[in-house]
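Notes for the structure review
Listed below, chain by chain, are the residues.
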Amino acid sequence: MIIGLPREIKAQEYRVALMPEQVASLCKAGHQVLVERGAGVGSGFEDEAYLAAGGELVGGAEPVFKRAELIVKVKEPQPRECELLRAGQLLFTYLHLAPDASLVDRLLASGVTAIAYETVRDAEGRLPLLFPMSEIAGRVAAQAAARCLEKNAGGRGVLLAGATGVAPARVLVLGGGVVGLNAARILAGMGASVTILESAESRRKHLQAEWQNVFAIEPSGEAVLAKHLPEVEVVVGAVLVPGDASPKLIKRAGLKRMKSGSVLVDVAIDQGGCFESSRPTTHDQPTYIEEGVVHYCVANIPGAVPRTATAALSRATFPYISAIANGGWREALATDAGLAAGLSVSEGKLYCPAVARAQARSCERSPFA
């Protein structure tokens, strides 16, 4: 199979979908890998490393998309990349389609088959390709919260850990999944006073058994949230509905109840965000202020640490990429129900029920269900 590895063009996105060692494995298995020049530089992998691994260096994205049967990426295709996609081609990447109707339209019009990393499941029903980036996003979110609280960032001028005789900052984490747990762990480790709100009783029990001496765990709900909002300096939004748009947990009116200079970190922004006042930002302009509250809504948080993120993501995706390359995507989906769960669009048809619900579209039943 001819596999294309383009350079990511989303703003401040420095990750790459494959490391040189994985390109070498694919080439050894008899596949051809087209690597756009500069694709790995942001993650610390020079063109020469891909060339030594057996990849073919190509100047520009257009020849990569034109020749490749399988395109592997990190982030959703940008508009000019969508123009290069074609029927009969396979795209394997994060898509986050629920809040982006225009991207769905472009993918449907192209005729491409697209499999979304974020909805692939393993045998236990977990999200193995979302996990590594959720883990990193939660940890980076904690660092971002600390920076945003600083006065020169528009924050209250509060140190998370406090100081002798000065109480630590209070932090509220909405959601106790992978993102929320990792954010809470780092925030607590930095000295903050942390509370997780989690709706699922089984998850609360698990968190309490493992972490009750590190941070507080409470049931989520409007009344509980309303109680905490006037007291906290930071809220981390870490709620996930796989493949679907995120619920808006804090309405715009709720900002008026928060302290001036407090911080919202919306890790769910890829799925539309879990605060009504959220809108996507970038690493070069990561924040804005509304109602005196600093909003950090970067849509590709792990892109801030591309070396770590590329290694974690590509090691998770590589077994799936190999299976697709070795047997073709239809055989790979037919033999792996978890991979089949990632099928989003194919040949002009939508196959993801969560996206269909979010956008009030019709949805086909997957032939691999």
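My aim in this report is to walk through the structure given alongside it, one point at a time.

The rules behind each value
- Residues numbered from 1 in each chain as written.
- Predicted model: local features only at pLDDT ≥ 70, side-chain atom pairs only at ≥ 80, totals over all residues.
- Heavy atoms only, no water.
- Helix = DSSP H or I, 4+ residues; strand = E, 2+ residues; numbered from the N terminus.
- Rg over C-alpha atoms; globule rule 2.2 N^0.38 Å.
- Buried < 20%, exposed > 50% of the residue type's maximum accessible area, 1.4 Å probe, protein only.
- Contact = heavy atoms within 4.5 Å.
- Areas by Shrake-Rupley, 256 points an atom, 1.4 Å probe, with all protein chains shown as cover.
- Lys, Arg positive; Asp, Glu negative; His and termini not counted.
- Charge placed at Lys NZ, Arg CZ, Asp CG, Glu CD.
- Axes fitted to C-alpha atoms, helices over the stretch in contact; angles between N-to-C directions.
- Left-handed = near helix turned anticlockwise from the far one by under 90°.
- Nonpolar A, V, L, I, M, F, W, Y, C, P; charged D, E, K, R; others polar.
- Pairing = 2+ DSSP bridges.
- Right-handed = clockwise from strand over helix to strand, strands pointing away.
- Core = buried A, V, L, I, M, F, W, Y, C linked by side-chain atoms within 4.5 Å.
- Salt bridge = Lys/Arg side-chain N within 4 Å of Asp/Glu carboxyl O.

Some points on the overall build of the protein
Counting secondary structure elements, the protein contains 13 helices and 15 strands. Taken over the C-alpha trace, the protein has a radius of gyration of 21 Å; the compact-globule value for 369 residues is 21 Å, and the two agree within 12%. Considering only C-alpha atoms, the protein reaches an extent of 65 × 45 × 35 Å along its principal axes. A buried classification covers 54% of the 369 residues belonging to the protein. Nonlocal contacts in the protein, meaning residues at least 24 apart in sequence, comprise 63% of its contacts between residues at least 6 apart. Roughly 15300 Å² of accessible area belongs to the protein as shown, and the carbon and sulfur atoms make up 50% of that amount. The centroid of the 38 positive side-chain charges in the protein is displaced by 3 Å from the centroid of its 38 negative side-chain charges.

Observations concerning the packing of helix α6 (residues 131-148) against helix α7 (residues 178-189)
Where α6 contacts α7, the two axes come as close as 7 Å, and the packing angle between them is 40 degrees. Once α6 is placed against α7, the crossing between them reads as right-handed. Contact with α6, carried on its side by F131, S134, E135, G138, R139, A142 and A145, involves V178, V179, N182, A183, R185, I186 and L187 of α7 and no other residues of that element. Its residues assigned to classes, the contact of α6 with α7 shows 8 nonpolar, 3 polar and 3 charged.

Some words on the pairing of strand β9 (residues 216-219)
Across 4 bridges, the pairing between strand β8 (residues 193-198) and β9 is parallel. Looking at the pairing, T195 lines up with A216 of β9. Handedness of the crossover joining β8 and β9 through helix α8 (residues 201-211): right-handed.

With respect to the nonpolar core
If you look at the biggest cluster of nonpolar residues, it comprises 81 residues, and the most contacted ones within it are V72, F92, I115, L187, V194, I324 and L339. Residues in contact with I324, not counting those within four places in the same chain, are M1, L70, L90, F92, I115, W329, A332 and L339. Counting residues in each nonpolar core, the second largest holds 24 residues, with L107, L108, V355 and A356 among its members.

Here we look at the sheet that holds strand β12 (residues 287-290)
Taken in spatial order, the 7 strands of this open sheet run β9-β8-β7-β10-β11-β13-β12, and their pairing is mixed. Pairing within the sheet leaves two strands with one partner each, and these edge strands are β9 and β12. Strand-to-strand twist in this sheet, taken as the mean axis angle between neighbours without regard to direction, amounts to 20 degrees. As defined by bridge partners, strand β10 (residues 234-237) adjoins strand β11 (residues 263-266) across 4 bridges and the pair is classed as parallel. Bridge assignment links V234 to a residue of β11, and that residue is V263.

A short note on the pattern of salt bridges
Overall, the coordinates contain 21 salt bridges when judged by the stated rule. Between E201 and K205 there is a salt bridge whose closest N-O contact spans 3.5 Å. With E201 and K205 both in helix α8, this residue pair falls 4 residues apart, about one helical turn. A relative accessible area of 47% places E201 in the partly exposed class.

On their own, these measurements won't tell you what the molecule is for.
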